[in-house]
2 protein chains.
Amino acid sequence: METVGQTIRAKRESLGLLLRQVASYLDIDQAILSKIERNERKPSRDNIIKLAEILQMDSEDLLIQFMSEKIALEIANEHCASKVLKAAEQKVKYLKSNLEKN
Amino acid sequence: METVGQTIRAKRESLGLLLRQVASYLDIDQAILSKIERNERKPSRDNIIKLAEILQMDSEDLLIQFMSEKIALEIANEHCASKVLKAAEQKVKYLKSNLEKN
DNA sequence: ATTTTACTTGACGGAATTTGTCAAATGTAA
DNA sequence: TTACATTTGACAAATTCCGTCAAGTAAAAT
């Protein structure tokens, strides 16, 4: 299973883009992008959006990959991880149904 | 749907315990416990464990409630929240199957 | 062989967030 | 009023996050 970093690097290389080029588009130092691609730093939401643009990817897909990875790493070491996710699903439903009302 | 804070407060009051008493058991200032119960501060993992002890609750249940609440609040405002949770489930499975191997 | 190019690494500093302490303010019941 | 429980906000210390920069590595080009 590919990490967000791996996905980004693969796409960037397949397009023949340099770290420097992509980084300047994101308006960050290439060192940071290098670290993002190797999962040493986490991209900001804005980074993800811009990355999707320049790498010609669907930004929602990339966001989903990014957020789900974050959550998975947070709880993977819990033996009750899947219970947590199921409970989270219920809560999300509940929260959303409330947002509609207000 | 009850928040962790509400659950804690309800249980504490039903046992007739004071903030001061529970807080000292957790080894934190009562002001912090007050805030935890009103969802102004987040309990640490250790807080949760000790709370379950003194409030005679199942610590796993409380941890699940705590973690799922945290995740739900993180993503509830995303329209793709449920996709994120589904993807997270896959990743957790993948990560766990790798932990077994090593 | 040395120069150029792409990328990596780690030290550093500032901003923002977190975590806890404390005392004053508020509320409430005796 | 007094006493007691809780709340609130100011504050400081500790930690985390975010980015810059320059030196280091590695590989290709000249």
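Being a predicted model, the structure only gives us computed values, none of them experimental.

Basis of the calculations
- Residues numbered from 1 in each chain as written.
- Chains lettered and ligands numbered in written order.
- Predicted model: local features only at pLDDT ≥ 70, side-chain atom pairs only at ≥ 80, totals over all residues.
- Heavy atoms only, no water.
- Helix = DSSP H or I, 4+ residues; strand = E, 2+ residues; numbered from the N terminus.
- Buried < 20%, exposed > 50% of the residue type's maximum accessible area, 1.4 Å probe, protein only.
- Contact = heavy atoms within 4.5 Å.
- Lys, Arg positive; Asp, Glu negative; His and termini not counted.
- Charge placed at Lys NZ, Arg CZ, Asp CG, Glu CD.
- Near = heavy atom within 4 Å.
- Polar contact = N/O pair within 3.5 Å; in protein donor to acceptor, adjacent residues only side chain to side chain.
- Nonpolar A, V, L, I, M, F, W, Y, C, P; charged D, E, K, R; others polar.
- Buried area = accessible area lost by both parts, 1.4 Å probe.
- Salt bridge = Lys/Arg side-chain N within 4 Å of Asp/Glu carboxyl O.
- Least-squares fit on C-alpha atoms with pLDDT ≥ 70 in both.

Engineer: What exactly am I supposed to notice about the overall build of chain A here?
Structural biologist: Broken down by element type, chain A carries six helices and zero strands. Put simply, chain A has 102 residues, and 41% of those count as buried. Partitioning the contacts of chain A with sequence separation of at least 6, the portion at a separation of at least 24 is 51%. Taking the average place of the 17 positive charges on the side chains of chain A and the average place of its 16 negative ones, the gap between the two points comes to 4 Å.

Engineer: Help me understand the protein's contact with DNA strand C in this model?
Structural biologist: Surveying the vicinity of DNA strand C reveals 15 residues, the closest of which are Arg9, Arg20, Ser34 and Arg38 of chain A together with Arg41 of chain B. In DNA strand C, the atoms that sit within 4 Å of the protein are 52% sugar and phosphate, with bases accounting for the remainder. In this structure, Ser34 of chain A approaches DNA strand C through a side-chain N or O atom, which is 2.6 Å from a phosphate oxygen. Those elements giving two or more residues to the surface near DNA strand C turn out to be α1 (4–14), α2 (19–26) and α3 (30–37) of chain A together with α3 (30–37) of chain B. Among the elements that line the surface near DNA strand C, the one with the most residues is α3 of chain A, at four residues. Counted by class, the surface near DNA strand C contains five nonpolar, two polar and eight charged residues.

Engineer: What am I meant to see in the environment of Lys42 of chain A here?
Structural biologist: Residue and element names in this part refer to chain A. Within the fold, Lys42 resides in the loop between α3 and α4 (45–54). The sequence separation of Lys42 and Ile32 amounts to ten residues, and the corresponding C-alpha distance is 9.1 Å. Not counting the four nearest positions on each side in its chain, Lys42 is found in contact with Ile36 and Lys70.

Engineer: Explain the interface of chain B and chain A here, please?
Structural biologist: Think of interface size as the accessible area that goes away when the parts come together; that is how it is often given. Every contact between the two is made by 34 residues of chain B and, on the other side, 34 residues of chain A. Here chain B packs against chain A, burying approximately 3300 Å² in sum over the two surfaces, 69% of which is carbon and sulfur. Counting the surface chain B buries against chain A, the share from its top three residues, Met1, Leu85 and Lys91 of chain B, is 19%. Across the contact surface, chain B and chain A share eight salt bridges. In this structure, the salt-bridge partner of Lys70 of chain A is Glu74 of chain B, at a minimum N-O distance of 3.2 Å. If you look at where chain B meets chain A, you find 16 residue pairs in polar contact (both at pLDDT 80 or more). Mapped by element, the contributors of at least two residues to the side of chain B that touches chain A are α5 (59–75) and α6 (81–101) of chain B. Of the residues forming the side of chain B that touches chain A, the biggest block, 15 residues, is contributed by α6 of chain B.

Engineer: When you look at the relation of the copies chain B and chain A in this model, what are you seeing that I'm missing?
Structural biologist: To go from the first copy of the chain to the second, apply a rotation about an axis and then a shift along the same axis. Its rotation angle being 180°, the transformation that places chain B on chain A also includes 0.0 Å of axial translation and leaves an RMSD of 0.1 Å. Both copies are brought into coincidence by an operation consistent with a two-fold rotation axis. Of the C-alpha atoms belonging to chain B, the one lying closest to the rotation axis is found on Leu85 of chain B, 3.3 Å away.

Engineer: Mind showing me how you'd approach the protein's contact with DNA strand D here?
Structural biologist: Around DNA strand D, the structure places 16 residues, and the nearest of them are Arg41 of chain A together with Arg9, Arg20, Ser34 and Arg38 of chain B. Restricting attention to atoms of DNA strand D within 4 Å of the protein, one finds that 56% of them are sugar or phosphate atoms. Take Arg9 of chain B: an N or O atom from its side chain is 2.6 Å from a phosphate oxygen of DNA strand D. For DNA strand D, a base oxygen lies 3.3 Å from a polar atom in the side chain of Lys35 of chain B. Of all the elements, α3 of chain B adds the most residues to the surface near DNA strand D, at four residues.

Just geometry here; none of it tells us what the structure is for.
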